[in-house]
Amino acid sequence: MRALPRIVLSRFDQQRLERLLDKVGPRPDLDALREEIERAEIVEPEAVPRDLVTMNSVVRFVDEESGMESEITLVFPGHADVESNRISVLAPVGSALLGLSVGDSIDWPLPKARSRRLRVVGVTYQPEAAGDPI
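Quantities reported herein were computed from a predicted structural model and do not represent experimental measurements.

### Notes on the pattern of salt bridges
Logical step 1: Per the counting criterion, the structure on display carries 10 salt bridges.
Logical step 2: Where E44 meets R11, a salt bridge forms, and the shortest distance between an N and an O atom there is 2.7 Å. One end of the pair, E44, is in the loop between β2 (41–43) and β3 (58–63); the other, R11, is in helix α1 (residues 11–24), and 33 residues separate them in sequence.
Logical step 3: For E44, a relative accessible area of 34% puts it in the partly exposed group.
Logical step 4: Overall, R11 belongs to the partly exposed group, its relative accessible area being 33%.
Logical step 5: For D63, the salt bridge goes to R116, with nearest N and O atoms at 3.6 Å. Of this pair, D63 sits in strand β3 while R116 is found in strand β7 (residues 114–125), placing the two residues 53 residues apart along the sequence.
Logical step 6: Through salt bridges with shared partners, a single ionic network connects D63, E65 and R116.

### Focus on the nonpolar core
Side chains of nonpolar character tend, in soluble globular proteins, to be buried together.
Logical step 1: Of all hydrophobic cores here, the largest spans 28 residues; its most connected members are V89, L97 and L98.
Logical step 2: In this structure L98 touches I7, L9, L17, L33, V53, T54, M55, L74 and V89, once residues within four positions along its chain are discounted.

Cut-offs used in this document
Residues numbered from 1 in each chain as written. Predicted model: local features only at pLDDT ≥ 70, side-chain atom pairs only at ≥ 80, totals over all residues. Heavy atoms only, no water. Salt bridge = Lys/Arg side-chain N within 4 Å of Asp/Glu carboxyl O. Helix = DSSP H or I, 4+ residues; strand = E, 2+ residues; numbered from the N terminus. Buried < 20%, exposed > 50% of the residue type's maximum accessible area, 1.4 Å probe, protein only. Core = buried A, V, L, I, M, F, W, Y, C linked by side-chain atoms within 4.5 Å. Contact = heavy atoms within 4.5 Å.

Functional significance is not addressed by these values, which are geometric in nature.
Dropping the structure here:
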């Protein structure tokens, strides 16, 4: 098994995600997200690196097996819309990308115990870097 990449979360995202997970309650499909939050390095929003995937970021990533590149906005469940590439943090790909930086790779779980390796190639918008209210 490959080493897990470093995960960084803003304190604000950590707090909102923990509230969300408390509200949703125990669900085995969210255990990986809970584990990512627990192992994350927590920083203040103003200390978030510009190339980090945070909530409401627009992130470009590539499937290392197929070479297919995608761009999504990482959102909370109430704002998800697959047709607009707005992907929930509760979706496996959303929780996999959260907290990664440009250049980081992670295995994305698929059905039937398969996985894909995703690599972050760009963060084209990040609320913290843009100075937008989060």
